[in-house]
Amino acid sequence: MLSKQSLAILKRRKEAATTKFVFPAECSSKPYLPTLVTRRVREHYEALGVPVNLGTHGLRHTALTQLASMGCNPVAFCRYVPD
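Residues numbered from 1 in each chain as written. Predicted model: local features only at pLDDT ≥ 70, side-chain atom pairs only at ≥ 80, totals over all residues. Heavy atoms only, no water.

Student: Where do I start with the overall build of the chain in this structure?
Tutor: A tally of regular secondary structure across the chain gives four helices and zero strands. Taking all 83 residues of the chain together, 17% fall into the buried category. When the accessible surface of the chain is totalled, it reaches about 6700 Å², and 61% of it is carbon and sulfur. (Helix = DSSP H or I, 4+ residues; strand = E, 2+ residues; numbered from the N terminus. Buried < 20%, exposed > 50% of the residue type's maximum accessible area, 1.4 Å probe, protein only. Areas by Shrake-Rupley, 256 points an atom, 1.4 Å probe, with all protein chains shown as cover.)

Okay, here's the thing in structure tokens:
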């Protein structure tokens, strides 16, 4: 289960969202182009020394796996993470 603080942060983020997209473009309610998201993530990977072949979807899986390994309930967490 997520902590009360984590749940509160996710709830506020969901309530404040103006779009259903995880990465909305700054100038519209449309999503970023996948190539731009991939490029930005790759830049951060390189800066952190993370293998760039992990990809953005791999990052999502890694984050959720880490949460699960810490005892977070994936069902509770997924209510706040868009597909």
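Student: What is the right way to read helix H2 (residues 34-48) from this model?
Tutor: Residue pairs spaced three or four apart in an α-helix point in one direction, given the helix's 3.6 residues per turn. The terminal C-alpha atoms of H2, which comprises 15 residues, lie 21 Å apart, in line with the 21 Å expected from a rise of 1.5 Å per residue. Those residues of H2 not exposed but buried are Leu-36, Val-37, Val-41 and Tyr-45. Each element contacted by the buried residues of H2 is listed here: helix H3 (55-69). Downstream of H2 by a residue or two, Gly-49 has a phi angle that is positive, lying close to 80°. (Expected span 1.5 Å × (residues − 1). Contact = heavy atoms within 4.5 Å.)

Student: Sorry, what's going on with H3 here?
Tutor: Between the first and last C-alpha of H3 there are 21 Å, a value that for 15 residues agrees with the 21 Å anticipated at 1.5 Å per step. Trailing H3 by a residue or two, Gly-71 shows a phi angle of about 95°, which is positive.

Student: Explain the packing of H2 against H3 here, please?
Tutor: The description of two packed helices rests on the angle between their axes and on the distance between the axes. Two numbers describe how H2 lies on H3: the axes approach to 9 Å, and their chain directions differ by 65°. Together, Val-37, Thr-38, Val-41 and Tyr-45 of H2 and Gly-55, Thr-56 and Leu-59 of H3 make up the contact between the two elements. In terms of residue class, the contact of H2 with H3 is made up of four nonpolar, three polar and no charged. (Axes fitted to C-alpha atoms, helices over the stretch in contact; angles between N-to-C directions. Nonpolar A, V, L, I, M, F, W, Y, C, P; charged D, E, K, R; others polar.)

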